Amino acid sequence: MENSVDVKIETKGERKPIKQNPLSKAGKRVCRAVGYITGDMKEFGAWLKDKPLMIQFIDWVLRGISQVMFVNNPLSGLIVVAGFLVQNPWWTLTGCLGTVVSTLTALILGQDRSAIAAGLYGYNGVLVGLLMAVFSAKGNYHWWLLLPVALVSMMCPVFTSALGSVFCKWDLPVFTLPFNLALTLYLAASGPHNLFFPTTVIQSATATPNITWTSAEMPMLLQSIPVGVGQVYGCGNPWTGGIFLIALFISSPLICLHAAIGSAVGMLAALSLATPFSKIYSGLWGYNSSLSCVAIGGMFYAFTWQTHLLAIACALFSAYLGATVTNMLSVFGVPSGTWSFCLSALTFLLISTNNSAIYKLPLSKVTYPEANRAYYLKMKKHQRSCCEV
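Residues numbered from 1 in each chain as written. Predicted model: local features only at pLDDT ≥ 70, side-chain atom pairs only at ≥ 80, totals over all residues. Heavy atoms only, no water.

Chemist: Got a sec to walk through helix 3 (residues 53-66)? Specific residues and values, please.
Modeler: Compared with an ideal rise of 1.5 Å per residue, which puts 14 residues at 20 Å, helix 3 spans 20 Å between its outermost C-alpha atoms and is within 8% of the ideal. Of all the residues in helix 3, the buried ones are Gln 56, Phe 57, Asp 59, Trp 60, Val 61, Leu 62, Arg 63, Gly 64, Ile 65 and Ser 66. (Helix = DSSP H or I, 4+ residues; strand = E, 2+ residues; numbered from the N terminus. Expected span 1.5 Å × (residues − 1). Buried < 20%, exposed > 50% of the residue type's maximum accessible area, 1.4 Å probe, protein only.)

So, in structure tokens, the structure goes:
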């Protein structure tokens with residue numbers, strides 16, 4: 001080839017020239033560079049270890065923001081923050097405040113530093129900050145709301161540590177249970193008639209909705225898929241949901257795929273129950289299914305076609321369970337949060353099976369789906385070699 005360089009290698013005492021294409025070398029450099037920003041950005045985390053604590057803390061906060069979707073990637077976290085700004089700058093402030101306070105509280109309580117660095121003590125805080133602003137009847141820029149946001153976010157690491165000490169017996173994650181506990185307690189304590197921090201009124205359905213199937217709009221139904229992903233953070237803007245999907249794709253295409261599939265499954269489940277189209281368009285049926293599909297589809301189970309189908313089943317179960325929880329909690333005037341995701345994902349993680357293709361990873365080995373599958377294949381190869389011996 002014309003654009004080639006000769007490289008001498010020694011083989012069995014002889015020197016033989018081989019030709020290496022500069023384009024292939026450039027391709028390897030690009031792949032290596034892409035590897036630095038995808039996955040969990042492990043190299044970047046190692047590079048930060050000898051840097052000032054403040055710089056490390058920013059990395060932990062960004063990882064905590066993305067960990068809501070099981071993504072341990074600061075670049076993805078930064079893109080998610082950009083999505084917050086598209087949705088609502090005030091929510092961005094309250095969400096970031098919740099992450100900072102919960103992460104700082106975990107440091108003060110002396111929690112595991114590696115878990116803090118992975119953002120595992122920040123993601124519940126960002127949800128608390130966002131949803132407290134979402135359900136505030138005072139609207140945007142009610143500055144006094146920052147006080148309860150900080151106080152409630154401080155409870156997230158406490159709940160995380162307490163639940164973790166129980167769940168570790170079954171090697172299970174706590175998911176967003178700390179967020180659900182903190183938000184439910186706050187909204188139940190304040191309520192819509194509170195003088196200082198009133199919340200929006202949540203009522204159960206009182207009449208049968210009048211649904212005309214011909215009024216269904218296919219573009220809006222398709223749009224509900226990214227909106228459902230955005231509703232994981234309480235955001236109903238389709239552009240925000242699209243930005244979140246980009247953030248997920250950068251870290252793990254498998255997480256992005258399952259997040260979209262889960263949201264679509266939630267939308268189909270809503271149609272099967274003749275749910276009013278306005279609720280479907282708002283993405284409220286998609287976010288629990290999206291989280292459940294990601295959790296089972298390669299995150300805590302190694303990715304195989306069997307676990308892929310199991311993830312879809314979990315997403316469907318989570319959607320129907322979400323309707324149940326919503327109807328139950330609306331009687332008490334509180335939102336359903338992500339209770340159905342937590343209950344459905346924990347249920348599916350507790351199943352027992354003799355099928356080797358449904359492999360639940362040890363919690364200490366969970367990183368991101370592509371790496372989890374590589375670990376699973378390595379373990380399978382090791383077991384096969386042991387059997388042959």
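Chemist: Give me the lowdown on the confidence of the model for the chain, citing residues and values where you can.
Modeler: Per-chain confidence: the chain averages 91 in pLDDT, with 93% of residues scoring 70 or above. Note on residues 1-12: pLDDT under 50 across the span, and 22 contacts to partners over four residues away in sequence or across chains. (pLDDT = per-residue confidence, 0-100. Contact = heavy atoms within 4.5 Å.)

Chemist: Account for the side chain of Ser 251, naming residues and giving values.
Modeler: Along the chain, Ser 251 falls in helix 11 (residues 238-251). Judged by relative accessible area, Ser 251 falls into the buried class, the value being 4%. Once residues lying within four places of it in the same chain are set aside, the contact partners of Ser 251 are Thr 38, Gly 39, Val 71, Asn 73 and Ser 76.

Chemist: Explain the pattern of salt bridges residue by residue, including any values.
Modeler: Inspection of the entire model under this criterion finds 2 salt bridges. Of the charged contacts in the structure, one is a salt bridge between Arg 63 and Asp 59, with a shortest N-O distance of 2.9 Å. Within this pair, Arg 63 and its partner Asp 59 are both found in helix 3, separated by 4 residues, close to a single helical turn. Of the two residues, Arg 63 and Asp 59, neither departs from the other in class, the shared state being buried. (Salt bridge = Lys/Arg side-chain N within 4 Å of Asp/Glu carboxyl O.)

Chemist: Explain the environment of Asp 112 to me, using residue names and the numbers behind them.
Modeler: By the element assignment, Asp 112 lies in the loop between helix 5 (89-108) and helix 6 (113-117). Asp 112 sits in the partly exposed class, given a relative accessible area of 45%. Residues Asp 112 and Met 154, spaced 42 residues apart in sequence, show a C-alpha to C-alpha distance of 16 Å.

Chemist: So what's going on with a nonpolar patch on the surface? Residues and values would help.
Modeler: A cluster of nonpolar residues, Val 30, Val 34, Tyr 36 and Ile 37, forms a patch on the protein surface that exposes about 340 Å² of accessible area. Owing to a relative accessible area of 42%, Tyr 36 belongs among the partly exposed residues under this scheme. (Patch = residues over 30% accessible without salt bridge, like charges linked within 9 Å, V, L, I, M, F, W, Y side chains within 5 Å. Areas by Shrake-Rupley, 256 points an atom, 1.4 Å probe, with all protein chains shown as cover.)

Chemist: Outline the state of the cysteines, listing residues and values.
Modeler: Within the structure shown, the criterion is met by 0 disulfides. Not part of a disulfide, Cys 314 finds its nearest cysteine sulfur in Cys 293, a span of 8.0 Å. With relative accessibility at 0%, the residue Cys 314 sits in the buried group. Left unpaired, Cys 342 is separated from the closest cysteine sulfur, that of Cys 314, by 11 Å. Accessibility expressed as a relative area gives 0% for Cys 342, which makes it buried. (Disulfide = S-S within 2.5 Å.)

Chemist: Residue-level account of the packing of helix 12 (residues 253-272) against helix 15 (residues 305-330), with values.
Modeler: The N-to-C vectors of helix 12 and helix 15 enclose an angle of 45 degrees; their axes lie 9 Å apart at closest approach. Relative to helix 15, helix 12 is oriented oblique. Like other packed secondary-structure pairs, helix 12 and helix 15 cross with a definite hand, here right-handed. Residue-level inspection shows His 258, Ile 261, Gly 262, Val 265, Gly 266, Ala 269 and Ser 272 of helix 12 in contact with helix 15, the latter providing His 308, Ala 311, Ile 312, Ala 315, Leu 316, Ala 319 and Tyr 320. (Axes fitted to C-alpha atoms, helices over the stretch in contact; angles between N-to-C directions. Parallel < 35°, antiparallel > 145°, perpendicular 65-115°, else oblique. Left-handed = near helix turned anticlockwise from the far one by under 90°.)

Chemist: Please set out the side chain of Ser 136 residue by residue, giving values where relevant.
Modeler: Within the secondary structure, Ser 136 is located in the loop between helix 7 (123-134) and helix 8 (146-167). A polar side-chain atom of Ser 136 sits 3.3 Å from the main-chain amide nitrogen of Lys 138. Those residues in contact with Ser 136, other than ones at most four positions away along the chain, are Leu 145, Pro 198 and Thr 200. (Polar contact = N/O pair within 3.5 Å; in protein donor to acceptor, adjacent residues only side chain to side chain.)

Chemist: Describe the environment of Tyr 287, listing the residues and the values that go with them.
Modeler: Counting through the fold element by element, Tyr 287 comes out in helix 14 (residues 287-299). What makes Tyr 287 buried here is its relative accessible area of 9%. On a C-alpha basis, the gap between Tyr 287 and Ala 315 in space is 9.6 Å, while along the polypeptide they are 28 residues apart. Here Ser 336 takes part through its side chain, which lies 3.5 Å from a polar atom of the side chain of Tyr 287. A distance of 2.6 Å separates a polar atom in the side chain of Tyr 287 from the backbone oxygen of Gly 337.

Chemist: Which residues make up the environment of Cys 96, and what are the values?
Modeler: Within the fold, Cys 96 resides in helix 5. Of the residues examined, Cys 96 reaches a relative accessible area of 22% and is grouped as partly exposed. Taking the C-alpha atoms as reference points, Cys 96 and Ile 202, separated by 106 residues in sequence, lie 26 Å from one another.

Chemist: Tell me about the nonpolar core, and name the residues and values.
Modeler: Within the largest apolar cluster, 87 residues are counted, with the highest numbers of intra-cluster contacts made by Phe 70, Phe 84, Phe 175, Tyr 233 and Leu 248. Among the elements that make up this core, the one with the highest residue count is helix 7 (8 residues). Among residues more than four places away in sequence, those in contact with Leu 248 are Met 69, Val 71, Val 229, Pro 253, Ile 255, Cys 256 and Ala 259. Counting residues in each nonpolar core, the second largest holds 12 residues, with Leu 221, Phe 277, Trp 285 and Ala 323 among its members. (Core = buried A, V, L, I, M, F, W, Y, C linked by side-chain atoms within 4.5 Å.)

Chemist: Can you lay out the packing of aromatic side chains for me, pointing to particular residues and giving the numbers?
Modeler: Applying the stated criterion across every chain yields a total of 16 aromatic pairs. Their ring planes at 55 degrees and their centres at 4.9 Å tell us that Tyr 233 and Phe 244 sit as a pair that is tilted. Within this pair, whereas Tyr 233 is found in the loop between helix 10 (218-230) and helix 11, its partner Phe 244 is found in helix 11, the two being separated by 11 residues in sequence. Relative accessible area serves as the criterion here: at 2%, Tyr 233 is assigned to the buried category. When its relative accessible area of 2% is taken as the criterion, Phe 244 is described as buried. (Phe/Tyr/Trp six-rings, centres within 6.5 Å; stacked < 30°, edge-to-face > 60°.)

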